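Report on the structure
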Amino acid sequence: HTRAVTRDPRLWYSRLWLAVEEAERKGLADAVGTLRDLSQSFREQPEPTDELARLYGRLGWRAERLATYAALTKAFPDLTSGLEAYAEALVPFDA
């Protein structure tokens, strides 16, 4: 993926894969900025925004997670996986 991104930085999937891999190595909070940037740069693709919301969930950042899923479902209303993830995120932890 690194070589592919070096050749063509528009390859959003490879950039996303590298960002997730880096988060696993360096720490989740360190990847927030990178995933935010990818989400903004590739607005026509739902995956970067979905991955950002998942990262927020792993960090326990509920407000950010909900806001990100709200934006995702607004941008991609037919994306059932996004709707399901948003509905799941709305359920309180102690329910």
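Residues numbered from 1 in each chain as written. Predicted model: local features only at pLDDT ≥ 70, side-chain atom pairs only at ≥ 80, totals over all residues. Heavy atoms only, no water.

1. Considering the nonpolar core
Spelled out, the test is: Nonpolar core, defined: a set of buried Ala, Val, Leu, Ile, Met, Phe, Trp, Tyr and Cys residues in which side-chain atoms within 4.5 Å join the residues together. Type-normalised accessible area, obtained with a 1.4 Å probe on protein chains alone, sets the label of each residue: buried when under 20%, exposed when over 50%, and partly exposed for intermediate values. A helix here means a DSSP run of H or I that spans at least four residues, while a strand means a run of E at least two residues long, and both kinds are numbered starting from the N terminus. Residues count as neighbours in contact if any of their non-hydrogen atoms are within 4.5 Å of one another.
Core analysis: the largest hydrophobic core is formed by twelve residues, namely Trp12, Leu16, Ala19, Ala23, Ala31, Val32, Leu35, Leu38, Phe42, Leu52, Leu55 and Tyr56. Where this core is concerned, the elements lending two or more residues are α2 (12–26), α3 (32–41) and α4 (46–59). Ranked by residues supplied to this core, first place goes to α2 with four residues. Setting aside anything within four residues of it in sequence, one finds Ala31 in contact with Ala19, Ala23 and Leu55. In terms of nonpolar packing, the next biggest core, distinct from the first, is built from six residues, Ala53, Leu66, Tyr69 and Ala85 among them.

2. Remarks on the layout of surface pockets
We count it as follows: The definitions used throughout rest on a 1 Å grid laid over the protein atoms alone, on which a cavity is an enclosed set of points accommodating a 1.4 Å probe that cannot get out and a pocket is an open set flanked by protein within 12 Å on both sides along at least five of seven lines; lining residues are those having an atom within 4 Å of a point. Grid points are joined across faces, edges and corners, and a volume is the space filled by probe spheres set on the points. Residues are grouped as follows: nonpolar covers Ala, Val, Leu, Ile, Met, Phe, Trp, Tyr, Cys and Pro; charged covers Asp, Glu, Lys and Arg; every other residue, Gly included, is treated as polar.
Estimated volume of the largest pocket: approximately 220 Å³. As for the largest pocket, its lining consists of Arg36, Ser39, Gln40, Arg43, Thr49, Leu52, Thr68, Ala71, Leu72, Ala75 and Phe76. Elements with a minimum of two residues in the lining of the largest pocket: α3, α4 and α5 (62–75). Of all the elements, α5 adds the most residues to the lining of the largest pocket, at four residues. Residues belonging to the lining of the largest pocket are distributed by class as follows: five nonpolar, four polar and two charged.

3. With respect to the pattern of salt bridges
Test applied: Salt bridge, as used here: a side-chain nitrogen of Lys or Arg that lies within 4 Å of a carboxyl oxygen of Asp or Glu.
Under the counting rule described, the total for this entry stands at four salt bridges. Between Glu22 and Lys26 there is a salt bridge, with the nearest N and O atoms lying 3.7 Å from each other. Here Lys26 and Glu22 lie together in helix α2, a separation of four residues that amounts to about one turn. The partner of Arg58 in a salt bridge is Glu24, and the shortest N-O contact between them spans 2.7 Å. Of this pair, Arg58 sits in helix α4 while Glu24 is found in helix α2, placing the two residues 34 residues apart along the sequence.

The values reported here are purely geometric and, on their own, carry no functional implication.
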